[in-house]
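# Fold and geometry: a report
Listed below are the residues making up each chain.
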Amino acid sequence: MIILKIGGSILTNKDSAESEVDTVSLKRIASEIKSSLDKSSKELIIVHGAGSFGHPPAKKYKIGEAFELSEYPQKRIGFCETQNAVKKLNMYICE
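Bear in mind that the values here come from a model prediction, so they are computed numbers and not experimental data.

### Topic: helix H3 (residues 51-60)
Within H3 the residues assigned to the buried category are Gly51, Ser52, Phe53, Gly54, Pro57 and Ala58. Tucked into the core, H3 has its buried residues touching helix H1 (8-11) and helix H4 (72-94).

So, in structure tokens, the structure goes:
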């Protein structure tokens, strides 16, 4: 079994004002994965980073940093926004 992690920075356009998939890179990577699978009998699990989808809300809400209990309601919003953003990216990748 192979686990392949594709970095979010190659899957998304970091210079875009809005979160945007780098479709050229995504199609190239998908083609390379298909080509390698055609030559292998191993199972493959693909995971990916958050790129320009997940990093902005995570940064905005300081996800990953310590916080006080009083900040928890705001952090929950940040967790949700980050998760929703990464789900959008995942949908593009799965398609």
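### Some words on the side chain of Thr12
By secondary structure assignment, the location of Thr12 is in the loop between H1 and helix H2 (23-38). A relative accessible area of 2% means that Thr12 is categorised as buried. Within the structure, Thr12 has its side chain in polar contact with the backbone nitrogen of Ser52 (distance 3.0 Å). Thr12 has contacts with Glu20, Val21, Asp22, Gly51, Ser52, Phe53 and Leu89, leaving out every residue within four places of it along the chain.

### Topic: the packing of aromatic side chains
Inspection of every chain in the model, using the stated rule, returns 2 aromatic pairs. On the basis of an interplanar angle of 65° and a centroid distance of 6.1 Å, the ring pair of Phe53 and Tyr92 is categorised as edge-to-face. With Phe53 in helix H3 and Tyr92 in helix H4, this residue pair connects regions lying 39 residues apart in the sequence. Between the aromatic rings of Phe67 and Tyr72, the centroid separation amounts to 6.3 Å while the plane-to-plane angle is 15°, which identifies the pairing as stacked. Its relative accessible area of 34% is what places Phe67 among the partly exposed residues.

### What about a nonpolar patch on the surface?
Side chains of Met1, Ile3, Ile45 and Val47 sit close together on the surface and give an oily, nonpolar patch of about 390 Å² of accessible area. When you line up the elements, Met1 lands in the segment before strand S1 (2-6). Among the residues examined, Met1 registers a relative accessible area of 64% and is labelled exposed.

### Regarding the nonpolar core
In this structure, Ile6, Leu11, Val21, Leu26, Ile29, Ile33, Phe53, Ala85 and Leu89 together form the largest nonpolar core, which totals 9 residues. Within the residue set of this core, elements represented by two or more residues are H2 and H4. Tallying contributions element by element places H2 first for this core, with 3 residues. The residues touching Ile29, leaving out its near neighbours within four places in the chain, are Ile6, Ile10 and Leu11.

Reading the values: rules and limits
- Residues numbered from 1 in each chain as written.
- Predicted model: local features only at pLDDT ≥ 70, side-chain atom pairs only at ≥ 80, totals over all residues.
- Heavy atoms only, no water.
- Buried < 20%, exposed > 50% of the residue type's maximum accessible area, 1.4 Å probe, protein only.
- Helix = DSSP H or I, 4+ residues; strand = E, 2+ residues; numbered from the N terminus.
- Contact = heavy atoms within 4.5 Å.
- Polar contact = N/O pair within 3.5 Å; in protein donor to acceptor, adjacent residues only side chain to side chain.
- Phe/Tyr/Trp six-rings, centres within 6.5 Å; stacked < 30°, edge-to-face > 60°.
- Patch = residues over 30% accessible without salt bridge, like charges linked within 9 Å, V, L, I, M, F, W, Y side chains within 5 Å.
- Areas by Shrake-Rupley, 256 points an atom, 1.4 Å probe, with all protein chains shown as cover.
- Salt bridge = Lys/Arg side-chain N within 4 Å of Asp/Glu carboxyl O.
- Core = buried A, V, L, I, M, F, W, Y, C linked by side-chain atoms within 4.5 Å.

The values reported here are purely geometric and, on their own, carry no functional implication.
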